[in-house]
Amino acid sequence: MITHDLVVVGAGLAGLRAAKEAKKSIDDVAIISKVHPLRSHSVAAQGGINAALGGTDSPDAHIRDTIKGSDYLADQDGVEILCRDAPGAVLELDRLGALFSRTESGKIAQRPFGGAGFPRTCYSADKTGHMLLHTLFEQVIKDGIEIYREWYVTSLIMWGGKCRGVVALDIKSGELHTITARAVVLATGGYGRVYSRSTNALINTGDGIAIAYRAGSPLKDMEFVQFHPTTLFGTNILITEGARGEGGYLVNRHGERFMKRYAPGQMELAPRDIVARAIVTELKEGRGYGKGSEDGYVHLDLRHLGAEKIKERLPQIREIAMNFAGIDPITEPIPVQPGQHYSMGGIATDTSGATSIEGLYAAGECACVSVHGANRLGGNSLLDTLVFGKIAGAAAAKYASKMPMPAPGDGNDNNNALQNDKSRIDAILKGVDGGEGGEGGGDGGEDGGVRLSVIVQKMRQTMLSNVGIFRTREGLENAVKDIKKLKDMYRNISIDDRDRVFNTELVQALELGCMLDLAHTIAAGALAREESRGSHYRLDFPKRDDRTWLKHTMAYFTKDGPGLEYEDVRITKYRPDGRVY
Ligand SMILES: Cc1cc2nc3c(=O)[nH]c(=O)nc-3n(C[C@H](O)[C@H](O)[C@H](O)COP(=O)(O)OP(=O)(O)OC[C@H]3O[C@@H](n4cnc5c(N)ncnc54)[C@H](O)[C@@H]3O)c2cc1C
């Protein structure tokens, strides 16, 4: 058995920042990551990180923009911490060596982003996540924090109702281990791959969220899923909001800047939910290119910015457009369509990162504090990872330093977690006896079980069609029905690789189990919420309804699917108001 004082699961920005902070007060901190840390999705962040660094901007303005952007669902005490700590978080990374783009006078450069009243987004060209993640990774190496690379956490160890470690699969050897700890921080990122057309890395399968949910932690506001307006048509690789921040136009088939119809004040820089809906409306009404609202696109035109600015500020966007669409944005517009991008919901935490399970903390995209409410503003997520990663790391370390180390044999549940996961994995590896399952011709594996890819595709399709940008009761009911059926099929899955060593197909099977649980909470939460707010738009309930729905959805795990309860939004001094841009 392996033991550490504190275990941080996840080596993206939130996990690295939490571990670095914890290491200041306790010595034995370890990080577990299912991929090499530098392959965490944080590395792909492009456009930048928000902080009111001075001039006419202020943390107060940042707070107001964030709360309005959230459609008043964010918990305002959390937002106040996020925005007030922002300048410190960015300057700290700057001092640690992060290479931010600069103004001519040498200050950190800031670009305008959606829903923000000031140019507030600090950036490193269009590779901000890459730069921040490498900087923090160096720090973690310098601090001598142990990292388990390519270890996949399968569940939490619970001891007397408290979290006391994790069970993890060493992917290379195929061995399952218990790793006991005085406290655990989950920083496992989002669940984007529940949807088809996602900007997210293939590893963004929401494992940590599902693991906490199964252990009894409620998930908050899962129905709020962000669709980014501009992903490259065909591959759905992200085209950063920074492209519009630098002055890019969105135009329809008639060459018209259509945002004037939807957000005449902020145009292309309205919040993402509004721009994504505007694009789909243009497509539905026949003013786009391609196959209508199902698979159409509009143009993101950067040509007027000129070659020099595009090369200096958006070099990666140019590369992506050239390599994946054969288009040079200097001379041609980029075809774009909305795609799933961010998980506003997640493991419910308080403003210290503590979950409802004692000893378990969460930070970053897997957590829901909630600072993003019903719609996140671009540039606020990288900020969330640094601010709440640091806070959660400190809180978990403080808690861990007071707790005794769980000893071998303490609390029977330790062994149960390992045993349960072993049985689960053995069953997947063994496959299905007797040739049941299979969804008709071609869907089954050799042993008659159902292939992973069949379930994955069906899940992603029903989520995109029925739990996407525009939602209706009928569609959502269909999604819930589909997901229940897919969960049944999952019991009979079949994989081709039966070996234990470096079995990535096995890992994908475990990830799929997580995604199905989360898809269920997203669809069920969306079906129950009979209003439109932020990213959740119900065609049958097109208005925001503060009287009934100014509250958070809390989804609890039951064996039949999520049980939903509701909690009040924490409002400090910003009363819900209209949301016009
Ligand atoms: C293409 C793209 C561009 C973006 N651009 C911006 C931007 O410009 N500005 C902004 O503010 N936000 C942006 N975002 C959002 C932002 O990048 C993410 O929300 C943020 O980086 C998430 O960080 P994280 O630390 O929470 O998780 P991640 O960086 O996703 O890291 C998750 C970690 O958890 C580990 N993990 C997961 N499951 C397990 C498991 N079962 N066992 C062990 N380890 C596990 C993974 O290995 C990984 O190390 C962007 C997102 C995308 C997809």
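Just so it is clear, the structure is predicted and the values come from calculations on it, not from any experiment. (Residues numbered from 1 in each chain as written. Predicted model: local features only at pLDDT ≥ 70, side-chain atom pairs only at ≥ 80, totals over all residues. Heavy atoms only, no water.)

Caption draft 1: Quick look at the overall build of the protein chain. Along the backbone of the protein chain there are 16 helices and 22 strands. Taking 2.2 N^0.38 as the reference for a compact globule, 581 residues should give roughly 25 Å; the C-alpha atoms of the protein chain span a radius of gyration of 23 Å, in line with that estimate. Referenced to the eigenvectors of the C-alpha coordinate spread, the extents of the protein chain come out at roughly 65 × 60 × 50 Å. For the protein chain, the exposed area adds up to about 21,100 Å²; of that, 49% sits on carbon and sulfur atoms. Considering the protein chain, the positive charge centre built from 71 side chains and the negative charge centre built from 74 side chains are found 4 Å apart. (Helix = DSSP H or I, 4+ residues; strand = E, 2+ residues; numbered from the N terminus. Rg over C-alpha atoms; globule rule 2.2 N^0.38 Å. Areas by Shrake-Rupley, 256 points an atom, 1.4 Å probe, with all protein chains shown as cover. Lys, Arg positive; Asp, Glu negative; His and termini not counted. Charge placed at Lys NZ, Arg CZ, Asp CG, Glu CD.)

Caption draft 2: Quick look at the site of the ligand. In the vicinity of the ligand lie 39 residues, with Ser40, His41, Ser42, Glu365 and Ser381 positioned nearest. Contact between the ligand and glutamine 46: a nitrogen atom at 3.2 Å from a main-chain N or O atom of the residue. If the ligand stood free it would expose 1,000 Å²; the protein chains cover 98% of that surface. It is helix H11 (residues 380-402) that contributes the most residues to the shell around the ligand, four residues altogether. Here the shell around the ligand is composed, by residue class, of 15 nonpolar, 20 polar and four charged. (Near = heavy atom within 4 Å. Polar contact = N/O pair within 3.5 Å; in protein donor to acceptor, adjacent residues only side chain to side chain. Nonpolar A, V, L, I, M, F, W, Y, C, P; charged D, E, K, R; others polar.)

Caption draft 3: Structural context of the nonpolar core. Residues Val166, Leu186, Ile455, Met463, Val467, Leu512 and Ile522 are the most contacted members of the largest nonpolar core, which totals 82 residues. Per-element tally for this core: the top contributor is helix H15 (residues 504-528), with 13 residues. In contact with isoleucine 455, other than residues within four places in its own chain, are Val450, Leu486, Met489, Tyr490, Ile493, Leu512 and Leu516. The next biggest cluster of nonpolar side chains, apart from the first, holds 55 residues, and it includes Val29, Leu82, Leu133 and Leu383. (Core = buried A, V, L, I, M, F, W, Y, C linked by side-chain atoms within 4.5 Å. Buried < 20%, exposed > 50% of the residue type's maximum accessible area, 1.4 Å probe, protein only. Contact = heavy atoms within 4.5 Å.)

Caption draft 4: A look at the pattern of salt bridges. Applying the stated criterion across every chain yields a total of 48 salt bridges. Note that aspartate 207 and lysine 34 form a salt bridge whose closest N and O atoms lie 2.8 Å from each other. Separated by 173 residues along the polypeptide, aspartate 207 in helix H5 (residues 207-214) and lysine 34 in the loop between strand S2 (29-33) and strand S3 (49-50) bring together distant segments of the chain. The same class applies to aspartate 207 as to lysine 34, namely buried. Among the salt bridges present, the one from aspartate 496 reaches arginine 451, with a minimum N-O distance of 3.1 Å. Residue aspartate 496 is found in the loop between strand S20 (493-494) and H15, and its partner arginine 451 is found in strand S19 (residues 450-451); the two are separated by 45 residues along the sequence. Overall, aspartate 496 belongs to the partly exposed group, its relative accessible area being 45%. The exposure class assigned to arginine 451 is partly exposed, which follows from its relative accessible area of 25%. Connected through salt bridges with shared partners, the residues Asp71, Glu223, Asp273, Arg277, Arg529, Glu531, Arg533, Arg544, Asp546 and Arg579 form a single ionic network. (Salt bridge = Lys/Arg side-chain N within 4 Å of Asp/Glu carboxyl O.)

Caption draft 5: Just unusual backbone geometry, in detail. Cis rather than trans, the peptide bond between valine 369 and serine 370 has omega equal to 5°. A positive phi angle is found at aspartate 221, which is not glycine, with a value near 55°. Secondary-structure assignment places aspartate 221 in the loop between strand S10 (219-220) and strand S11 (225-232). On the basis of relative accessible area, aspartate 221 is assigned to the buried category, the value being 0%.

Caption draft 6: Spotlight on the side chain of glutamine 139. Tracing the sequence through the fold places glutamine 139 in helix H4 (residues 128-142). In this structure the side chain of glutamine 139 is engaged in a polar contact, spanning 3.2 Å, whose partner is the side chain of lysine 20. With near-sequence residues (within four places) excluded, glutamine 139 lies in contact with Lys20 and Leu96.

Caption draft 7: Just the packing of aromatic side chains, in detail. Scanning all chains against the criterion turns up nine aromatic pairs. With centroids separated by 4.5 Å and ring planes inclined at 40°, the aromatic side chains of phenylalanine 233 and tyrosine 297 adopt a geometry described as tilted. With a gap of 64 residues between them, phenylalanine 233 in the loop between S11 and helix H6 (242-245) and tyrosine 297 in strand S14 (residues 296-301) connect regions that are remote in the sequence. Relative to tyrosine 537, the ring of phenylalanine 470 has its centre 5.3 Å away and its plane inclined at 85°; by these criteria the two rings are edge-to-face. In this pair, phenylalanine 470 sits in the loop between helix H13 (452-466) and helix H14 (473-490) while tyrosine 537 sits in the loop between H15 and helix H16 (546-549), placing the two residues 67 residues apart along the sequence. (Phe/Tyr/Trp six-rings, centres within 6.5 Å; stacked < 30°, edge-to-face > 60°.)

Caption draft 8: Quick look at the packing of H13 against H15. One can describe the packing of H13 onto H15 by two numbers: an axis separation of 11 Å at closest approach and a directional angle of 25°. When the axes of H13 and H15 are compared, the pair comes out roughly parallel. As for how H13 packs across H15, the hand of that crossing is left-handed. Where H13 approaches H15, its residues Leu452, Ile455, Val456, Met459, Arg460 and Met463 are matched on the opposing element by Glu505, Gln508, Ala509, Leu512, Met515, Leu516, Ala519 and Ile522. Classifying every residue of the contact of H13 with H15 by side-chain character gives 11 nonpolar, one polar and two charged. (Axes fitted to C-alpha atoms, helices over the stretch in contact; angles between N-to-C directions. Parallel < 35°, antiparallel > 145°, perpendicular 65-115°, else oblique. Left-handed = near helix turned anticlockwise from the far one by under 90°.)

Caption draft 9: Quick look at the environment of proline 335. By the secondary structure assignment, proline 335 is in strand S15 (residues 334-343). Taking the C-alpha atoms as reference, proline 335 lies 9.1 Å from glycine 296; in sequence the two are 39 residues apart. If we skip the residues at most four places from it in the chain, proline 335 touches Thr231, Leu232, Phe233, Tyr297, Val298, His299 and Ile327.

Caption draft 10: Quick look at the state of the cysteines. With the rule as written, the count across this model stands at zero disulfides. Here cysteine 83 stays free of any disulfide, with the sulfur of cysteine 122 as its closest cysteine sulfur at 13 Å. (Disulfide = S-S within 2.5 Å.)

Caption draft 11: Looking closely at H15. A rise of 1.5 Å per residue sets the reference length of H15, with its 25 residues, at 36 Å; its end C-alpha atoms lie 36 Å apart and thus fit the reference within 8%. In terms of burial, H15 is a largely internal element, 21 of the 25 residues being buried. The N-cap residue of H15 is asparagine 503: its side-chain oxygen and the backbone nitrogen of glutamate 505 are 3.1 Å apart. (Expected span 1.5 Å × (residues − 1).)

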